[in-house]
Amino acid sequence: KELKHDPLMDSIYKFRHFWGAHQTSLSRYGGLILVALVLSILVIRWRTAQDEKARAVTGVAFIEFGNGNYNTVISQLAPVVDEYSGLKSFGSGLFLLARSELFVGDTLNAELHFRLFLDEYGHIPLLKCGAYGGLGIIAESRKEYLTAARLFEKATRADRKSVV
């Protein structure tokens, strides 16, 4: 009499044979994939926590800005620019910092932060308009009228794109 082959048992046997022949390399690659997965999860969690902190700092700065406490806004946001720059939730905070610096007459830092804002968050149309306007005000204060006119023109173009 001939024995019947069980497909499940054949699959189990083939898997055990394959595992035995390739156990070292499968374990190594599996470990690398597991480490990469764990690191990815940790980075995502860290980034989310940073984003929440940036959102909180920006929220407090909004209140101070609304109350006209520009020096307080600067003291809250200036120390965290490097830490939070590039985070999605810090764009408006960077804009507030630059605007506050402009209001207190610190045109060097205001220009630096307006340019940083445009580099990292230039896709936000209304704030982009305000950043170009701030740079135009700085250029005008330096009597660079042609540069100021070009910046104000960019501001109006950015504003038109946000309205349309």
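Refer to the structure above for everything that follows.
Structural notes, computed from the coordinates. (Residues numbered from 1 in each chain as written. Predicted model: local features only at pLDDT ≥ 70, side-chain atom pairs only at ≥ 80, totals over all residues. Heavy atoms only, no water.)

Quick look at helix α1 (residues 7-66) now. With 60 residues, α1 extends just 73 Å between its outermost C-alpha atoms, more than 12% less than the 88 Å of an ideal straight helix rising 1.5 Å per residue. Along its length, α1 reaches its greatest deviation from straightness, about 80°, at histidine 22. By the burial criterion, the buried members of α1 are Gln50, Asp51, Ala54, Thr58, Ala61 and Glu64. Phi for glycine 68, located one or two positions after α1, is positive at around 80°. (Helix = DSSP H or I, 4+ residues; strand = E, 2+ residues; numbered from the N terminus. Expected span 1.5 Å × (residues − 1). Bend = angle between axes of the 7 residues up to and from the residue. Buried < 20%, exposed > 50% of the residue type's maximum accessible area, 1.4 Å probe, protein only.)

Right, let's get into unusual backbone geometry. Outside of glycine, negative phi angles account for most residues, and trans bonds account for most peptide bonds. Phi angles above zero are rare outside glycine, and lysine 143 is one such case at about 65°. With respect to the secondary-structure elements, lysine 143 resides in the loop between α6 (125-141) and α7 (145-163). For lysine 143, a relative accessible area of 61% corresponds to the exposed category.

Tracing the chain through its elements places alanine 61 in helix α1. Separated by 16 residues in the primary sequence, alanine 61 and leucine 77 place their C-alpha atoms 7.4 Å from one another. Those residues in contact with alanine 61 that lie beyond four places of it in its chain are Val73, Gln76, Leu77 and Leu96. (Contact = heavy atoms within 4.5 Å.)

This next bit is on the side chain of histidine 113. Structurally, histidine 113 is set in helix α5 (residues 107-121). Classification of histidine 113 as buried rests on a relative accessible area of 8%. Not counting chain neighbours up to four residues away, the residues in contact with histidine 113 comprise Val81, Leu94, Leu97, Ala98 and Glu101.

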